[in-house]
Amino acid sequence: MSPVKVISQQPPGGRCTLYARYAAAIAAELGWPHSVVHDECRDAHGNGFPSLWIGDAALQPADGVILAPEDICGFLTSQGVPADRIAALLLRLQSILDDFLENA
């Protein structure tokens, strides 16, 4: 069980909100604890906002800009999360991203 953490600005902006929704979905699907930490430091995908952490790792987006469901699921696969859980999570995360992009 790995904790899921989002580092967010306050009030949260677009990516901070997206990553918080991702974290809630990961936590719900895998039964892992999650939290949102507010920070004033802007350090995308690092020690500041916006970033999504699983355990001790800040996830990195393949496009260098925004985490995609495939980025998250690829990381979780490398951590040994079973394929059936990954498949269910991928659908859930894609729905969150689609909603984010439609309403951005």
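Quick look at the structure, then. These numbers were taken from a predicted model, which means no experiment stands behind them.

**Comments concerning helix α1 (residues 14-30)**
Then step 1. Taking 1.5 Å as the rise per residue, α1 with 17 residues should run 24 Å; its terminal C-alpha atoms sit 24 Å apart, in good agreement.
Then step 2. Within the sequence span of α1, burial applies to Cys16, Leu18, Tyr19, Tyr22, Ala23, Ala25, Ile26, Ala27, Glu29 and Leu30.
Then step 3. On its buried face, α1 sits against β1 (4-8), β2 (34-38), β3 (51-54), α2 (69-78) and α3 (83-103).
Then step 4. Immediately downstream of α1, the backbone of Gly31 shows phi near 75 degrees, a positive value.

**Notes on the sheet that holds β3**
The strands that make up a sheet are held in pairs by hydrogen bonds between backbone atoms, and each pair lies either parallel or antiparallel.
Then step 1. Strand order in the open sheet formed by four strands is β2-β1-β3-β4, and the pairing between neighbours is mixed. Across the chains shown, the open sheet's two edge strands, defined by having one partner strand only, are β2 and β4 (57-58).
Then step 2. Bridge count for β3 against β4 is two bridges, and the pairing is antiparallel. Across the sheet, the residue bridging to Trp53 is Ala58, located in β4.
Then step 3. On top of the sheet, α1 reaches β1, β2 and β3; it is set at about 170 degrees to β1, its chief contact.

**As for unusual backbone geometry**
Then step 1. Residue Pro11 is bonded to the preceding Gln10 through a cis peptide linkage, with omega at 0 degrees.
Then step 2. In this structure, Pro11 sits in the loop between β1 and α1.
Then step 3. Residue Pro50 follows Phe49 across a cis peptide bond; omega there is -20 degrees.
Then step 4. Among the secondary structure elements, Pro50 is positioned in the loop between β2 and β3.
Then step 5. Phi is positive for His45, which is not a glycine, with a value near 65 degrees.
Then step 6. Along the chain, His45 falls in the loop between β2 and β3.
Then step 7. Look at His45 and you get buried, because its relative accessible area is 8%.

**Considering the pattern of salt bridges**
Then step 1. Tallying each qualifying case throughout the model produces three salt bridges.
Then step 2. With a shortest N-O distance of 2.8 Å, Asp99 and Arg21 are connected by a salt bridge. Placement of Asp99 in helix α3 and of Arg21 in helix α1 is noted, with a sequence separation of 78 residues between them.
Then step 3. By sharing partners, the salt bridges in this structure join Glu29, Arg85 and Arg92 into a single network.

**What to know about the nonpolar core**
Then step 1. Membership of the largest hydrophobic core comes to 23 residues, with the highest contact counts inside it found for Tyr22, Ile26, Trp32, Leu52, Ile72, Leu76 and Leu93.
Then step 2. Those elements giving two or more residues to this core turn out to be β1, α1, β3, α2 and α3.
Then step 3. Examining the composition of this core, we find that seven residues originate from one element, α1, more than from any other.
Then step 4. Residues Ile7, Cys16, Phe49 and Ala58 belong to the second largest nonpolar core, which totals five residues.

Procedures and definitions
Residues numbered from 1 in each chain as written. Predicted model: local features only at pLDDT ≥ 70, side-chain atom pairs only at ≥ 80, totals over all residues. Heavy atoms only, no water. Helix = DSSP H or I, 4+ residues; strand = E, 2+ residues; numbered from the N terminus. Expected span 1.5 Å × (residues − 1). Buried < 20%, exposed > 50% of the residue type's maximum accessible area, 1.4 Å probe, protein only. Contact = heavy atoms within 4.5 Å. Pairing = 2+ DSSP bridges. Axes fitted to C-alpha atoms, helices over the stretch in contact; angles between N-to-C directions. Salt bridge = Lys/Arg side-chain N within 4 Å of Asp/Glu carboxyl O. Core = buried A, V, L, I, M, F, W, Y, C linked by side-chain atoms within 4.5 Å.

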